[in-house]
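Remarks on the overall topology
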Amino acid sequence: MNLQTKIGKVKSRIFTQPLQVPKPGEKVYALSGSDVAEILRIRGLKTELDPGMGGVSPRHLDDILKQNSELVSVDLALTAGCNFKCVWCYRPGDEWGKIKLNFEKIASTIEEAANLGVKFFVLTGGEPLVYKDGDKDYFDVISKINEVYSGGNLSAPKILTFSDVALIDEYKAERLAGYKIGLCLKRDSLNHEIQDGILDAKNGSKKMERGYENLFKVGYGSNPELPVSVNTVLAKAIKISNGKIINTLDTAIDLHMWIRSHGMEHSIVPIHFCGEAKDDDQETGINPIEVKSLYDILAEIDVRFYNDNWRVFSAFTKNRTCNRPGRGLHIRATGKVTGCSESPLVDEYVFGNIKEQNLTGIVRSSKFQEFKEEFSHREGEYICNPDVCDLNANNLCRGGCAVRSAYSMLDVTTGMLQPNPNPLAYSQGREDALCPGWIVLAQKQGILIDGIYEQIVDKLLSKSSLDSQMADQIRKKIVEDFNILKGEHRK
């Protein structure tokens, strides 16, 4: 979304009056010891790749740091090249096209990463499978990682990859499975017209489908040693190149059921004021009550259809949350080193450039060390601090998505998103504007517009292929649970 949108331009609201800062003793989420244990159990089942390393327990990452590791993970954006140009891609303009990392620099960086104790490599782009440097390609990078760690008698690291899946033919699928690469794949809708509109590519969706079929044949979705998740960008009114408006919110339930029925995990990223998303109208943008409503439905579907029981707390499905900044680093195709792939490119968050410096010096620099300290201790005012949120208090969430905090903020008088003029919110007192916690707090304070939650739930269920009886059962359960919260703190 365009950051030049005027702050305060609001055409709708979900709050009847301003949200109040919680009083001492008030909680957004109060978790029991068994609640905490269950979240940790679920997040310890698989080492899956979601945005922000969300499929890995933050406690596990911190344990690694305590065991003589200076850095847990390294992202390598091998190339800014891509076979698609998605309407909402975050990639800054100066990184588009043929910019890539030199293979020799990648190799030396991997060697440094091994000495720093790195346990996770995330290969990304652009589309990493288009990477080519002379006679070296994506699979040569994987081979180099394995060679360095085996040669140094080090435990093999986890290698994970983001991909839009369209380039994965049978040969590539077999090689990915042979290396046991964890995958995070793209799919925003089962509707080919919607997906092609997002990709800005004719027949792109069908190419993606064939990629999934090739992966299923080699065991992804059925073999627990081949972790795979699907990342969906959630939007409800994005204009594409032919002028049509696309909506992935309305199709999210059926997509979720397709993903889960194929043994994959579902990661959802609600759109906000970032990257190439051009929606300037807050009334047509995603708001936190839509996130809360959708997640409640998906959680109920998971327990009923897939024997997967989880409760909705964080800004990501199954209570995943961003774990990377401060624990890992992202190396862009330009060589710039940042906290994550979408970190604001302001001086405070660019720690160096591997084309000019070595990784070890960047990791040990006072600038990065000060960032780590700042990031680990910032607290939000309303929902993201240990006094009001037990996810935060138990090191299960660090405030949701840092990027959303840097670019977007919640208007506490209306409940709608607006641009954040302060990119330093990335590390300073951040609160994810699309976390369901905002809606839980508003419901407890009794300030949500009456019936708005039910209205959104009804619409989402009506757009799904669920039969009416199952939809009614899901609606009854989640609406009853939601209404129990009302006025809990402010009677």
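Okay, so let's go over this structure. Numbering of residues starts from 1 in every chain and runs along the sequence as written. Only residues with pLDDT of at least 70 get local features here, since the model is predicted, and only at 80 or more are side-chain atom pairs given and counted; chain-wide, interface and lining totals rely on the full set of residues. Side-chain measures were taken over the full set of non-hydrogen atoms in the model, leaving aside hydrogen atoms and water.

Digging into the overall build of the chain
Only DSSP runs of H or I with at least four residues qualify as helices, and only runs of E with at least two residues qualify as strands; both kinds are numbered from the N terminus onward. Counting secondary structure elements, the chain contains 16 helices and 15 strands. For a compact globule the rule gives 2.2 Å times the number of residues to the power 0.38, and the radius of gyration it is set against comes from C-alpha atoms. For the chain, whose C-alpha radius of gyration is 22 Å, the value lies close to the compact-globule estimate of 23 Å for 491 residues. Taken along its principal axes, the extent of the C-alpha atoms in the chain is 65 × 50 × 45 Å. Buried positions account for 60% of the 491 residues belonging to the chain. Should any heavy atoms of two residues lie within 4.5 Å, those residues are counted as being in contact. Pairs at least 24 apart in sequence give 74% of the contacts found in the chain among residues at least 6 apart. Of the roughly 19,300 Å² of accessible surface on the chain, a fraction of 47% belongs to carbon and sulfur atoms. In this tally, Lys and Arg are treated as positive and Asp and Glu as negative; His is ignored, and so are the chain termini. In plain terms, the charge of a residue is placed at NZ if it is Lys, CZ if Arg, CG if Asp and CD if Glu. Averaging the coordinates of the 62 positive side-chain charges in the chain and doing the same for the 66 negative ones gives two points 1 Å apart. Burial classification: accessible surface area is computed with a 1.4 Å probe over protein chains only, and a residue below 20% of its type maximum counts as buried, one above 50% as exposed, and the rest as partly exposed. Note that accessible areas follow from Shrake-Rupley with a 1.4 Å probe, and for residues the cover is restricted to the protein chains shown.

Side note on the pairing of strand β7 (residues 228-234)
Burial within β7 is extensive, with 7 of its 7 residues counted as buried. Where burial is concerned, the two faces of β7 agree: the one with V228, V230, T232 and L234 and the one with S229, N231 and V233 are both buried. When strand β6 (residues 182-186) meets β7, the two strands line up parallel, connected through 4 bridges. Each residue of the ladder has a partner; that of L185, found in β7, is V230. The sheet contact formed by β7 and strand β10 (residues 265-270) spans 6 bridges and is parallel. Paired with V233 across the bridge in β10 is V269. Strands qualify as paired when DSSP identifies two bridges or more between them.

Observations concerning helix α8 (residues 252-261)
Counted residue by residue, α8 has 8 buried out of 10 residues, so it is predominantly covered. A252, I253, L255, H256, M257, W258, I259 and R260 are the residues of α8 that are buried. Elements that come into contact with the buried residues of α8 comprise α7 (204-217), β7, β10, α9 (288-306) and α15 (452-462). G263, located one to two residues past α8, shows a positive phi value of around 75°.

Thoughts on helix α5 (residues 170-178)
Every buried residue belonging to α5 is among A173, L176 and A177, and all of these are buried. Buried residues of α5, viewed axially, fall in a sector of 95°; they line one side. The exposed set on the far side of α5, more than 90 degrees from its buried face, consists of Y171 and G178. Each element contacted by the buried residues of α5 is listed here: α4 (138-151), β6 and α7. Looking at the residues trailing α5, positive phi occurs at K180, about 55°. Taking the helix axis as origin, the arc is that swept by the directions to the C-beta atoms.

A look at the sheet that holds strand β12 (residues 336-338)
An order of β10-β7-β6-β5-β2-β1-β11-β12-β13 is seen for the 9 strands of this open sheet, with the pairing classed as mixed. Looking at the sheet topology across the chains shown, the edges are occupied by β10 and β13 (352-353).

Considering the packing of α9 against helix α16 (residues 468-484)
For helices, the fitted line uses only the C-alpha atoms of the stretch in contact; every axis is such a line through C-alpha atoms, and the angle between N-to-C directions lies from 0 to 180 degrees. Put simply, α9 and α16 touch, their axes get as near as 10 Å, and they point 120° apart. With respect to α16, the element α9 is oriented oblique. Handedness of the crossing formed by α9 with α16: right-handed. Packed against α9, whose contacting residues are K292, D296, I297, E300, I301, R304 and F305, the element α16 presents M470, Q473, I474, K477, I478 and F482 at the interface. Under this grouping Gly is polar, as are all residues other than the nonpolar Ala, Val, Leu, Ile, Met, Phe, Trp, Tyr, Cys and Pro and the charged Asp, Glu, Lys and Arg. Classifying every residue of the contact of α9 with α16 by side-chain character gives 7 nonpolar, 1 polar and 5 charged. Here the word oblique covers every angle except those under 35 degrees (roughly parallel), over 145 (roughly antiparallel) and from 65 to 115 (roughly perpendicular). If you view the pair so one helix is near and one far, a crossing is left-handed when the near helix is turned anticlockwise from the far one by less than a right angle, and right-handed when it is turned clockwise.

Concerning the pattern of salt bridges
Throughout this description, the term salt bridge denotes a Lys or Arg side-chain nitrogen within 4 Å of a carboxyl oxygen of Asp or Glu. By the definition in use, this model includes 29 salt bridges. Of the charged contacts, one joins E38 and R41 as a salt bridge, the two residues approaching to 2.8 Å between their closest N and O atoms. Within this pair, E38 and its partner R41 are both found in helix α1 (residues 33-43), separated by 3 residues, close to a single helical turn. For K367, the salt bridge is made with D347, and the minimal N-O distance between the two is 3.4 Å. Of the two residues, K367 sits in helix α11 (residues 366-377) while D347 sits in the loop between β12 and β13, which places them 20 residues apart along the sequence. On the accessibility criterion, K367 (28% relative accessible area) is partly exposed. Overlapping salt bridges bring together R260, E265, D302, D308, K318 and R320 as one network.

Overview of empty space enclosed by the protein
The method works on a 1 Å grid over the protein atoms by themselves. A cavity is a set of points holding a 1.4 Å probe that cannot get out, a pocket is an open set with protein on both sides within 12 Å along at least five of seven lines, and residues with an atom within 4 Å of a point line them. Grid points are joined across faces, edges and corners, and a volume is the space filled by probe spheres set on the points. The final tally for this structure, using the stated rule, is 3 cavities of 30 Å³ or more. In terms of lining, the second largest cavity is formed by 16 residues, of which the most central are I383, C384, C389, C397 and C435. Tallied by class, residues from the lining of the second largest cavity come to 10 nonpolar, 5 polar and 1 charged.

Here's the deal with the packing of aromatic side chains
Two descriptors summarise a pair of aromatic rings, namely the distance from one centre to the other and the angle between the planes of the rings. Paired rings are identified among Phe, Tyr and Trp, the last through its six-membered ring, by centres lying within 6.5 Å, and are further divided according to the angle between planes into stacked (under 30 degrees), edge-to-face (over 60) and tilted (the rest). What the rule picks out here adds up to 18 aromatic pairs. Between Y212 and W258 the ring centres are 5.2 Å apart and the planes differ by 90°, which places this aromatic pair in the edge-to-face class. Placement of the pair is Y212 in helix α7 and W258 in helix α8, with a sequence separation of 46 residues. For the ring pair F351 and F371, a centre distance of 5.0 Å and an interplane angle of 50° mean the geometry is tilted.

In short, shape yes, function no, at least from these values alone.
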